[in-house]
Amino acid sequence: VQLHAPMDAYVTAVNGNVGKYFSPTDILFELVNINNTHLTLGVFEKDLHAFQIGQKVVAFNQANPDGRYQARIVYMSQQVGTDRSVEVHCQFDHPVRDLKPGMYMTAEVETGNHQELTVPNEAIVRFDNKHYVFAAVSDTVFDMIEVVPGVSENGFSSFQTVSGNSVSQTKLVLKNAYTLLMKLKNAEE
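The structure displayed is predicted, hence computed values, not measured ones.

**Q** In this structure, what is going on with the layout of surface pockets? I would like to understand it.
**A** Summary: where empty space remains is shown by rolling a probe the size of a single water molecule over the atoms. Quantified by volume, the largest pocket comes out at close to 800 Å³. Lining the largest pocket we find 31 residues, and of these His38, Leu39, Thr40, Met103 and Met105 sit closest to its centre. Those elements that place two or more of their residues in the lining of the largest pocket are β1 (9-14), β2 (29-33), β3 (38-44) and β7 (106-109). In terms of residue count, the dominant contributor to the lining of the largest pocket is β3 (seven residues). Tallied by class, residues from the lining of the largest pocket come to 18 nonpolar, ten polar and three charged.

**Q** Sorry if this is basic, but what is going on with the sheet that holds strand β8 (residues 118-120) here?
**A** The strands that make up a sheet pair up through hydrogen bonds in the backbone, lying either parallel or antiparallel. Strand order in the open sheet made by the five strands is β8-β12-β11-β10-β9, with antiparallel pairing throughout. With one partner strand each, in any of the chains shown, β8 and β9 (125-127) form the two edges of the open sheet. This sheet shows a mean twist of 55° between the axes of neighbouring strands, independent of strand direction. Strand direction decides the pairing type here: strand β10 (residues 130-136) and strand β11 (residues 142-153), joined by six bridges, are antiparallel. The residue of β11 that forms the bridge with Tyr132 is Glu146.

**Q** Even after reading the chapter, I still don't get the sheet that holds strand β4 (residues 56-61), so can you show me in this structure?
**A** One open sheet holds the five strands; their spatial order is β3-β6-β5-β4-β7, and the pairing between them is antiparallel. Every other strand in the sheet has two partners, leaving β3 and β7 as the edge strands with one partner each. Averaged over all pairs of adjacent strands, the angle between their axes in this sheet comes to 40°, without regard to strand direction. The pairing of β3 with strand β6 (residues 85-92) spans seven bridges and is antiparallel. Opposite Val43, over in β6, you have Val86 as the bridge partner.

**Q** Could you clarify how one ought to interpret the packing of aromatic side chains in this entry?
**A** Each aromatic ring pair is specified by the distance between its two centres and by the angle formed by the two planes. Following the criterion strictly, the structure yields one aromatic pair and no others. Over the ring of Phe60 we find Arg68; its NZ or CZ atom is 4.4 Å from the centre of that ring.

**Q** What is the right way to read the environment of Pro6 from this model?
**A** Counting through the fold element by element, Pro6 comes out in the segment before β1. Judged by relative accessible area, which is 76%, Pro6 ranks as exposed.

**Q** In this structure, what is going on with the pairing of strand β12 (residues 156-161)? I would like to understand it.
**A** When a strand is regular, its side chains alternate between the sheet's two faces. Note: β8 against β12, three bridges, orientation antiparallel. Looking at the pairing, Pro120 lines up with Phe156 of β12.

**Q** Even after reading the chapter, I still don't get the nonpolar core, so can you show me in this structure?
**A** For soluble globular proteins, nonpolar side chains are generally found buried alongside one another. Grouped together as the largest cluster of nonpolar side chains are 16 residues, with contacts concentrated most on Leu39, Ile73, Val88, Cys90 and Phe92. Among the elements of the structure, β3, β4, β5 (64-76) and β6 are those that each provide at least two residues to this core. Among the elements that make up this core, the one with the highest residue count is β5 (four residues). Once residues within four sequence positions are removed from consideration, Val88 is found in contact with Leu39, Thr40, Leu41, Val43, Ile73, Tyr75 and Met76. Within the second largest apolar cluster, ten residues are counted, among which are Val119, Ile124, Phe159 and Leu172.

About the criteria used
- Residues numbered from 1 in each chain as written.
- Predicted model: local features only at pLDDT ≥ 70, side-chain atom pairs only at ≥ 80, totals over all residues.
- Heavy atoms only, no water.
- 1 Å grid on protein atoms, 1.4 Å probe; cavity = no way out; pocket = protein on both sides within 12 Å on 5 of 7 lines; lining within 4 Å.
- Points joined across faces, edges and corners; volume = space filled by probe spheres on them.
- Helix = DSSP H or I, 4+ residues; strand = E, 2+ residues; numbered from the N terminus.
- Nonpolar A, V, L, I, M, F, W, Y, C, P; charged D, E, K, R; others polar.
- Pairing = 2+ DSSP bridges.
- Axes fitted to C-alpha atoms, helices over the stretch in contact; angles between N-to-C directions.
- Phe/Tyr/Trp six-rings, centres within 6.5 Å; stacked < 30°, edge-to-face > 60°.
- Lys NZ or Arg CZ within 6 Å of the ring centre and 35° of its normal.
- Buried < 20%, exposed > 50% of the residue type's maximum accessible area, 1.4 Å probe, protein only.
- Core = buried A, V, L, I, M, F, W, Y, C linked by side-chain atoms within 4.5 Å.
- Contact = heavy atoms within 4.5 Å.

Shown next as structure tokens:
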């Protein structure tokens, strides 16, 4: 008897062999539809309040962290599992061909946004258990400003000045800040 699959898919499991009897409720084959790949995330119940349908998701595999896939949350399970997590299903924005069923992925979910002043991580230096950025007063004169680092993501960090003064209109040093710190501290000695 020929069996035709209802979709273009891969056979992932064959549950029988020649001569075996099956009842109408038995599963003969398991198929995976390669045209409708989706991502299932396990979200802990304590973090669930930050998730909602429609949120943007960026997923990547640890074996290839540069290969990033854009997706959106399309469904959230209403049941908490025994591991205290909830399944959140995401649909990829574009067809994905190089992922396989069962692969582990890491996902970054956009839970909210707000504007903050950010600089590359190397622009914030640490000295005497305090954090600093350098502001350019002129081409050869720099001012060391104490800051409190905030959220760090994708190589950038937000910060707030300790004095509360705004540095949004100030030219900040974005590269070689550590070199400036060493030059400053060696000059004083």
